[in-house]
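Geometric and topological summary
Each chain, written out:
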Amino acid sequence: MNILDNWKWEAPKDWLKIKTIDLHTGGEPLRVFTHGLPEIKGNTILEKRRYFRDNFDYIRTGTMWEPRGHADMYGAIITEATTEDGDFGTFFLHNEGYSTMCGHAMIALITLVLDTGMIVREENDPIIRIDAPPGRITCQAFREKGKVQRVSFQNVPSFMALRDQIVNVPKLGKIKFDLAYGGAFYAYVQVEDLGLNLDESDYNKLIDYGRKIKYAVMDQFEVKHPFEEDLSFLYGTIFIGEANDPKHHSRNVCIFAEGEVDRSPTGSGVSARAAIHYAKGELKENEEITIESILGSTMTVKVVKTCEYGNHQAVIPEVSGTASITGQNEFYFDPNDPLKDGFIFR
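Named according to an unreviewed UniProt entry, the protein chain is Proline racemase originating from Ancylomarina salipaludis. According to the UniProt record, the Sequence similarities (unreviewed entry) comment for the protein chain reads "Belongs to the proline racemase family."

Right, let's talk about the pattern of salt bridges for a bit. Evaluation of the coordinates by the stated rule reveals 22 salt bridges. With a shortest N-O distance of 3.0 Å, Asp-22 and Arg-31 are connected by a salt bridge. Like Arg-31, Asp-22 is buried. Lys-280 is paired through a salt bridge with Asp-164; the nearest N and O atoms lie 3.7 Å apart. Note that Lys-280 is positioned in the loop between helix H4 (267-279) and strand S15 (289-292) and Asp-164 in strand S9 (residues 159-169), a separation of 116 residues in sequence. Connected through shared salt-bridge partners, Arg-163, Asp-164, Lys-176, Asp-178 and Lys-280 make up one network.

Generally speaking, soluble globular proteins have nonpolar side chains that are buried together. Counting 87 residues, the largest nonpolar core has Met-106 and Phe-239 as its most contacted members. Counting residues per element, this core draws most heavily on helix H2 (residues 103-115), at nine residues. Lining this core are residues from two domains, each supplying at least three of them: domain 1 (14-154 + 325-333) and domain 2 (158-319). Those residues within four positions of Phe-239 in sequence are excluded, and the remaining contacts are Val-189, Val-191, Leu-194, Leu-198, Leu-206, Tyr-209, Gly-210, Ile-213, Arg-251, Asn-252, Val-253 and Ile-255. One finds Met-64, Ile-77, Leu-93 and Tyr-98 within the second-largest nonpolar core, a separate group that totals 16 residues.

Its 18 residues give helix H3 (residues 203-220) an end-to-end C-alpha distance of 26 Å, which sits within 8% of 26 Å, the value for a rise of 1.5 Å per residue. The secondary structure elements touched by the buried residues of H3 are S9, strand S10 (173-181), strand S11 (185-190), strand S12 (234-241), strand S13 (250-256) and strand S14 (260-261).

Relative to the elements of secondary structure, Glu-84 occurs in the loop between strand S3 (75-79) and strand S4 (88-93). With relative accessibility at 88%, the residue Glu-84 sits in the exposed group. Sequence-wise, Glu-84 and Cys-254 are 170 residues apart; in three dimensions their C-alpha atoms are separated by 34 Å.

A few words now on the packing of aromatic side chains. Given two aromatic rings, one states the distance between the centres and the angle between the planes to describe the pair. In the structure shown here, the tally under the stated rule is 21 aromatic pairs. Between Phe-343 and Phe-345, the ring centres sit 5.6 Å apart and the planes meet at 65°, which makes this aromatic pair edge-to-face. For Phe-343, a relative accessible area of 24% gives the class partly exposed. Residue class for Phe-345 comes out exposed when judged on its relative accessible area of 62%. The side chain of Arg-68 reaches across the aromatic face of Phe-333, ending 3.9 Å from its centre. Between Arg-150 and the ring centre of Phe-142, over which it is positioned, the NZ or CZ distance is 4.2 Å.

Calculation rules
Residues numbered from 1 in each chain as written. Predicted model: local features only at pLDDT ≥ 70, side-chain atom pairs only at ≥ 80, totals over all residues. Heavy atoms only, no water. UniProt positions renumbered as here; feature names shortened; annotations may be inferred. Salt bridge = Lys/Arg side-chain N within 4 Å of Asp/Glu carboxyl O. Buried < 20%, exposed > 50% of the residue type's maximum accessible area, 1.4 Å probe, protein only. Helix = DSSP H or I, 4+ residues; strand = E, 2+ residues; numbered from the N terminus. Core = buried A, V, L, I, M, F, W, Y, C linked by side-chain atoms within 4.5 Å. Domains from an automatic or database assignment. Contact = heavy atoms within 4.5 Å. Expected span 1.5 Å × (residues − 1). Phe/Tyr/Trp six-rings, centres within 6.5 Å; stacked < 30°, edge-to-face > 60°. Lys NZ or Arg CZ within 6 Å of the ring centre and 35° of its normal.

Shown next as structure tokens:
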């Protein structure tokens, strides 16, 4: 007799129980919460995010960090829409806290809600409207035989904030960078200036250099969103280099939050890339480019229109990619577990 046949155990009633479903977009994980969360109050997504941060941050650390997660885990919380025509709302979690925008999450969330029937749409290429921290994100899924094959989304206005600046980075010296916003702010650095490889061979160096550059830019430059103080911070460093596949435009490796390495090309990151290239005359409207990740997975991006955004000349980027569901979890928080809130090594 197999001892597993004797399984009758259930978690005690006083334990917090949280269910999630996991996906990945180009290798970058997304853990989406489906059951067990407390009420998240607020009239806007930023208010809901702030309320969760102030009252339930132990859920973030307990599910993103070890032993339930890992240093590069990423999460999304689905809320009710906060606009009249929105389909749902969302905000994002990671090892350091809460991000403003996440393109890989948009691609994964649309795949999730359609492929699981959370949202029912009869048409083959439905449009889904998401209320997110930086504003409305309009997404479109492309399906075959009822299954999502690809997702695109039009991002918020994206712009280059600083061009060809020099930052003095401790132990690295003077580094040239651009600062751009694609739902989050990134410092963009040409990897050839640092002599690094944009693959797993320099994984730890990329983390080290990315963190050093991020903190140096934060110390020496102001990062200011035109309208929202909650969005006025530097999210990460993105290294740009040559693509491995000659059919592709280039390669991105994004070091964000507290040294997380994005396995995908980074949806908000390629959005800001589009803004940089357009501002420099290197990308035309509706010209599509394909950008690789550290894994070689890809996203495509193009500028669909231009607009003014505060004091900035901005673009509306359209990003597309693919996602897959990888599993479901039911996590338990034993109140007597001294490590119930998680821990992290980086």
